[in-house]
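Descriptive structure summary
One-letter residues, chain by chain:
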Amino acid sequence: MIACRIPAMNDRLRIALLVLNASQWSRSVVSGIVSFADEYDSWDFWLAPRNFSQKPLLPSDWSGQGIIARIADEEIHDSVKSRGIPCVNVSWHTEHSLDCPKVISDPKACGRMAAEYYVERGFESFAYIGPPLCYNYNDPVLDELKSVVDGVGGSLNCFDPDPNFPSSDYDFQRSRMRDWIHSLPKPVGLIAWSTNVAREIMLTSLNEQFEIPNDIAILAIEHEPTLSSLCPFPISYVQQSTETVGFEAAKELQRLMNGGAPREAPILIQPEGIVEKTSTDTIFTQDDIVQEAVAFIRRNSASGISVDELTRALNVSRRSLEERFRRSLNRTPADEIRSARLEVIKSYLKRTTLSLSEISDRTGFSCQNAMLRFFKRLTSQTPGQFRRNYSYSTATE
């Protein structure tokens, strides 16, 4: 008897999802794809469970109308291209092409955001550890890190893994990693490719008696919450809009299946911001007055304090404090107050169902409209838009 592939739903478009499902990132992308498909109720998915070691290749007898794939190398690209049906690529691997156009989280924006996060906190020494060699990545983050660090006159040290051990198991890189950590000028703002890599750095650093985050602050580009929970301290990360990647990839595939022409350039989804955890909870400066000022601002970030109130609390002149801030952090006390207040508003929008009027009361604004103007001036969107976007991107986490 010859086996025959029979679709479950003959009246729907058959869509192959050649996307990893072994990580939070990939599952979020799939959730975004499903969110788009739910609006049309006309897609039937083919998805093969697999892990990082298995290539996403379609069975030879599969047929359908579209593909969304993580295209990691030329073999996968050629396999997908040979089907002659519309395909969208959601991977940082490989280049954008007209036969497999990309919809991806913007890697350069992620790198830039991570580096600028440390710059704003006064770091002068930066470090980066990229993806394991076995992933064969053409690292899209590193160049942007270098650009930001060079722009502020900082130093960037990159981990050079032992090519004899390309495995993602960092036990085989431990000795070299240990030496590298000791060689880094402290304090250092370290950026890691993923939570897994960040965790290995954290464990090694703590074992070598370095303090996290005072000696080594750690920030991950790609977030994996389960691995973060296994760390001695939760790891800060770049909040990528992965579900938006999935939603927009599905939307683009539908456009291509409807006869639309492939785009000349990839669709780049911007990261939302930095999610701060214990691993970066510090602002480095040798100026004790600035450290005290930042601590005071954070303690009173929801009360709408002014620079004058800050200077009175510290018993220092406004001019002196502003000069110290510019010298230490390259920004003003007013900038710091606005930034801290904005983060409080964002936290209420993300973590509660409080009305905008209630949030404005709790954050020291005279009225709701004052908070609306403040928020839109700093973010270019309204609080309502921010809350809706965040709710969408985290709906299925």
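To be clear, the structure that these remarks concern was listed above.
What comes next is a walk through the structure. Predicted, not measured: the structure shown is a model, and the values here were computed from it.

As for the nonpolar core
Core analysis: the largest hydrophobic core is formed by 24 residues, its most contacted members being Ile129, Trp180, Leu190, Ile201, Ile216 and Ile218. For this core, the secondary structure elements donating two or more residues are strand 6 (125-129), helix 5 (174-183), strand 8 (188-194), helix 6 (195-207) and strand 9 (216-222). By residue number, the principal contributor to this core is helix 6, which donates four residues. Setting aside residues up to four positions removed in sequence, isoleucine 216 forms contacts with Ile181, Lys186, Val188, Leu190, Ser205, Phe210, Glu211 and Ser279.

Overview of the pattern of salt bridges
A complete count under the given rule lists 17 salt bridges for this structure. Between arginine 318 and aspartate 308 there is a salt bridge whose closest N-O contact spans 3.3 Å. Of this pair, arginine 318 sits in helix 11 (residues 318-329) while aspartate 308 is found in helix 10 (residues 307-314), placing the two residues ten residues apart along the sequence. Exposure remark for arginine 318: the relative accessible area of 38% places this residue in the partly exposed category. For aspartate 308, a relative accessible area of 38% puts it in the partly exposed group. Ionic pairing is found between lysine 346 and glutamate 343, a salt bridge with its closest N-O pair at 4.0 Å. Pair noted here: lysine 346 and glutamate 343 are both in helix 12 (residues 333-351), with a separation of three residues, about one helical turn. The partly exposed category is assigned to glutamate 343, whose relative accessible area is 34%. Overlapping salt bridges, with partners in common, bring together Asp171, Arg174, Arg199 and Glu200 in one network.

Describing unusual backbone geometry
For the bond running from lysine 186 to proline 187, omega is -5°, close enough to zero to count as cis. Along the polypeptide, proline 187 turns up in the loop between helix 5 and strand 8. Of note, the amide linkage connecting isoleucine 212 to proline 213 takes the cis form, showing an omega dihedral of 10°. Counting through the fold element by element, proline 213 comes out in the loop between helix 6 and strand 9. The phi dihedral of asparagine 315 falls on the positive side, at around 55°, and the residue is not glycine. Mapping asparagine 315 onto the fold places it in the loop between helix 10 and helix 11. Of the residues examined, asparagine 315 reaches a relative accessible area of 73% and is grouped as exposed. The backbone of asparagine 330 shows a phi angle near 60°, a positive value even though the residue is not glycine.

Things to note about the environment of tryptophan 46
Structurally, the position occupied by tryptophan 46 is in strand 2 (residues 43-47). On the basis of relative accessible area, tryptophan 46 is assigned to the buried category, the value being 16%. Remark: the alpha-carbon pair of tryptophan 46 and aspartate 106, spanning 60 residues in sequence, is separated by 27 Å.

A word on the sheet that holds strand 6
Here we have six strands laid out as an open sheet, ordered 7-6-8-9-10-12, and mixed in their pairing. Looking along the sheet, the strands with just one partner apiece sit at the ends: strand 7 (155-158) and strand 12 (273-275). Neighbour-to-neighbour, the strand axes of the sheet open up by a mean angle of 25°, direction not taken into account. Here strand 6 runs beside strand 7; their pairing, made up of four bridges, is parallel. Following the sheet pairing, phenylalanine 126 is matched in strand 7 by leucine 156. Strand contacts of helix 4 (residues 142-151): strand 6, strand 7 and strand 8, with the helix running at about 155° to strand 7, the strand carrying the most contacts.

Points about the side chain of arginine 121
Checked against the element boundaries, arginine 121 lands in the loop between helix 3 (107-120) and strand 6. Arginine 121 gets classed as buried once you look at its relative accessible area, which sits at 11%. Looking at arginine 121, its side chain comes within polar contact range of the main-chain oxygen of tyrosine 117, at 3.0 Å.

Rules and cut-offs
Residues numbered from 1 in each chain as written. Predicted model: local features only at pLDDT ≥ 70, side-chain atom pairs only at ≥ 80, totals over all residues. Heavy atoms only, no water. Core = buried A, V, L, I, M, F, W, Y, C linked by side-chain atoms within 4.5 Å. Buried < 20%, exposed > 50% of the residue type's maximum accessible area, 1.4 Å probe, protein only. Helix = DSSP H or I, 4+ residues; strand = E, 2+ residues; numbered from the N terminus. Contact = heavy atoms within 4.5 Å. Salt bridge = Lys/Arg side-chain N within 4 Å of Asp/Glu carboxyl O. Pairing = 2+ DSSP bridges. Axes fitted to C-alpha atoms, helices over the stretch in contact; angles between N-to-C directions. Polar contact = N/O pair within 3.5 Å; in protein donor to acceptor, adjacent residues only side chain to side chain.

Such coordinate-based values are descriptive only and should not be taken to indicate function.
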